[in-house]
Amino acid sequence: MRIHAVHTLYEERLARSTRPFLARGCKVERCRQCMLRTHLCICSHRPLAKSNAAFLLVMFDDEILKPSNTGRLIADLFEDTFAYIWSRTEPNQDMLALLQDPQWQPYVVFPAEYAEPERVAERVELAEGKRPLFIMLDGSWAEAKKMFRKSPYLNQFPVLSINPDKPSRYKVREASKENQLGTAEVAARIIDLFGEHDNAEMLDLWFDVFRENYITGKMNRTLPDESSLKALQTFMAAH
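Below is a short write-up of the structure. Per chain, residue numbering runs from 1 following the sequence as it is written. Local features are withheld for residues below a pLDDT of 70 in this predicted model, meaning they are given only at 70 or higher, and side-chain atom pairs are given and counted only at 80 or more; totals for whole chains, interfaces and linings count all residues. As a rule here, side-chain values come from all non-hydrogen atoms in the structure, and water together with hydrogens is ignored.

## A few points about the side chain of arginine 72
Then step 1. Runs of E in the DSSP output that reach at least two residues are strands. Runs of H or I that reach at least four are helices, and both are numbered from the N terminus. Its place among the elements puts arginine 72 in helix H2 (residues 71-77).
Then step 2. Of the side chains with opposite charge, aspartate 76 lies nearest to the buried arginine 72, which makes no salt bridge, at 6.5 Å.
Then step 3. The contact definition used throughout considers only heavy atoms, calling two residues in contact when any of these lie within 4.5 Å. With residues near it in sequence (within four places) discarded, arginine 72 still touches His4, Val6, Gln33, Cys34, Met35, Ile64, Lys66 and Pro67. Exposure classes here rest on a 1.4 Å probe applied to the protein chains alone. A residue is buried below 20% of its type maximum, exposed above 50%, and partly exposed in between. As used throughout, the charge tally considers Lys and Arg to be positive and Asp and Glu to be negative, leaving His and the chain termini uncounted. Salt bridges are identified by distance alone: a Lys or Arg side-chain nitrogen within 4 Å of an Asp or Glu carboxyl oxygen.

## Some points on the sheet that holds strand E4 (residues 120-121)
By definition, the strands of a sheet pair up through backbone hydrogen bonds, in either a parallel or an antiparallel sense.
Then step 1. Should DSSP find at least two bridges between two strands, the strands are taken to pair. Sheet architecture is open: six strands sit in the order E2-E1-E5-E3-E6-E4, paired in parallel fashion. Only two strands of the sheet have a single neighbouring strand rather than two, namely strand E2 (81-85) and E4.
Then step 2. Across five bridges, strand E1 (residues 54-59) lies against E2 in parallel orientation. In the sheet register, leucine 56 faces E2, and the bridge partner there is phenylalanine 82.
Then step 3. Angular values range over 0 to 180 degrees, each being the angle between N-to-C directions of two axes fitted as lines to C-alpha atoms, with helices fitted over their stretch in contact. Lying on the sheet, helix H1 (residues 5-15) is in contact with E1 and E2; it crosses E2 at an angle near 20 degrees.
Then step 4. Where helix H5 (residues 183-193) meets the sheet, it contacts E1, strand E3 (104-109), strand E5 (131-138) and strand E6 (159-160), and its direction lies at approximately 160 degrees from that of E5.

## Some points on the packing of aromatic side chains
When we look at a pair of aromatic rings, we describe it by the centre distance and by the angle of the planes.
Then step 1. Stacked, tilted and edge-to-face are the three classes applied to pairs of Phe, Tyr and Trp rings, where Trp contributes its six-membered ring and a pair requires centres within 6.5 Å; stacked means planes under 30 degrees apart, edge-to-face means over 60, and tilted covers the rest. Applying the stated criterion to the full structure yields eleven aromatic pairs.
Then step 2. Ring centres of phenylalanine 110 and tryptophan 141 lie 5.5 Å apart, and the angle between their planes is 20 degrees; on these two criteria the pair is classed as stacked. On the criterion of sequence distance, the pair formed by phenylalanine 110 in the loop between E3 and E4 and tryptophan 141 in helix H4 (residues 141-149) is long-range, its members being 31 residues apart.
Then step 3. A ring pair is formed by phenylalanine 210 and tyrosine 214, whose centres lie 5.8 Å apart and whose planes are at 40 degrees; its orientation type is tilted. Of this pair, phenylalanine 210 and tyrosine 214 both sit in helix H6 (residues 197-218), separated by four residues, roughly a single helical turn. For the pair phenylalanine 210 and tyrosine 214, one class covers both residues: buried.
Then step 4. Taken together, the ring pairs connect Phe55, Phe78, Tyr107, Phe134 and Phe194 into an aromatic cluster.

## Regarding unusual backbone geometry
Then step 1. In this structure, methionine 35 is a non-glycine residue whose phi angle is positive, near 70 degrees.
Then step 2. Structurally, methionine 35 is set in the loop between H1 and E1.
Then step 3. According to the relative accessible area criterion, methionine 35 is buried, its value standing at 4%.
Then step 4. Not every positive phi belongs to a glycine, and asparagine 220 is a case in point at roughly 55 degrees.
Then step 5. Structurally, asparagine 220 is set in the loop between H6 and helix H7 (228-238).
Then step 6. Residue asparagine 220 is classed as exposed on the basis of its relative accessible area, which comes to 60%.

## Description of the packing of H5 against H6
Then step 1. Contact pair H5 / H6: the axes reach a minimum separation of 7 Å and the direction vectors enclose 170 degrees. Judged by the angle between their axes, H5 and H6 are roughly antiparallel. H5 and H6 meet at a crossing whose hand is left-handed. On H6, the residues touching Ala184, Glu185, Ala187, Ala188, Arg189, Ile191 and Asp192 of H5 are His197, Asn199, Ala200, Leu203, Asp204 and Phe207.
Then step 2. Here the nonpolar group is Ala, Val, Leu, Ile, Met, Phe, Trp, Tyr, Cys and Pro; Asp, Glu, Lys and Arg are the charged ones; every other residue, Gly included, is treated as polar. Among the residues making up the contact of H5 with H6, the classes are represented as seven nonpolar, two polar and four charged. In these notes the angle categories are as follows: under 35 degrees is roughly parallel, over 145 is roughly antiparallel, 65 to 115 is roughly perpendicular, and the rest is oblique. Each crossing is labelled by how the near helix is turned from the far one, with a counterclockwise turn of less than a right angle marking it left-handed and a clockwise turn marking it right-handed.

## A few points about the pairing of E2
Within a regular strand, the side chains alternate between the two sheet faces.
Then step 1. Taken across its five residues, E2 has four buried, putting it largely inside the fold.
Then step 2. A clockwise course of the path from the first strand over the helix to the second, judged with the strands pointing away from the viewer, identifies a crossover as right-handed. Handedness of the crossover is the feature at issue here: the chain leaves E1, passes through H2, returns alongside E2, and the resulting connection is right-handed.

## Some points on the nonpolar core
Then step 1. Counting residues in hydrophobic clusters, the biggest one holds 49 residues, and the most contacted among them are Phe55, Ile64, Ile74, Phe78, Phe134, Met136 and Leu203.
Then step 2. At nine residues, the largest contribution of residues to this core is made by H6.
Then step 3. In contact with phenylalanine 134, other than residues within four places in its own chain, are Ala53, Ala54, Phe55, Leu56, Tyr107, Val109, Val124, Leu160, Ile190, Ile191 and Phe194.
Then step 4. As used here, the term nonpolar core means buried Ala, Val, Leu, Ile, Met, Phe, Trp, Tyr and Cys residues forming a set that is joined through side-chain atoms within 4.5 Å. Within the second largest apolar cluster, 24 residues are counted, among which are Trp86, Val108, Ala144 and Met147.

Shown next, in the form of structure tokens:
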């Protein structure tokens, strides 16, 4: 099984914890990769997208430890996914070097209303020889806004925004706004905007698998016969 950047970051963050992370459900036995209850683990079903895009997950400190986090679903599918813990005063030097790597064309994924109009990009436009690096600020809405405001090294990059036409399917956490999406849902809309429509659908379906299994475990239910996993497998067989 492929160990990706979010798995590695999780282990690093756990290793430097000075006290246990006592989130709700912390005593549940979980898979350390997908963070679902062990009997609901989805790791063996993880698909892999063929993509020209890359993602950078800038994660608020405790976000990496939360079983409900969906940023890891992006790393599950997209091989070129990087993940770092955000710091206001000491940004990771490897992350800063990544942002300046000439092979990438970074875009900060965030609502346009919070950016200066001249920074807002309507579409993904690449210079010759470059690939897009979509920067996802992964945390609660309040945390994401803080990261956006207090990360001056991101100010040089355009802001790419989406306008959700449907409410979030993510019912694992309560959103502060009706049209707020989970991180993986936003990534699916961005990759669709980039033109990789099959990858967008694959990520949406993988999100549904995670969501269904997470809620099944949380509510001590049984997975339905027509599960989200079957829908994903049908899609993969057709592609």
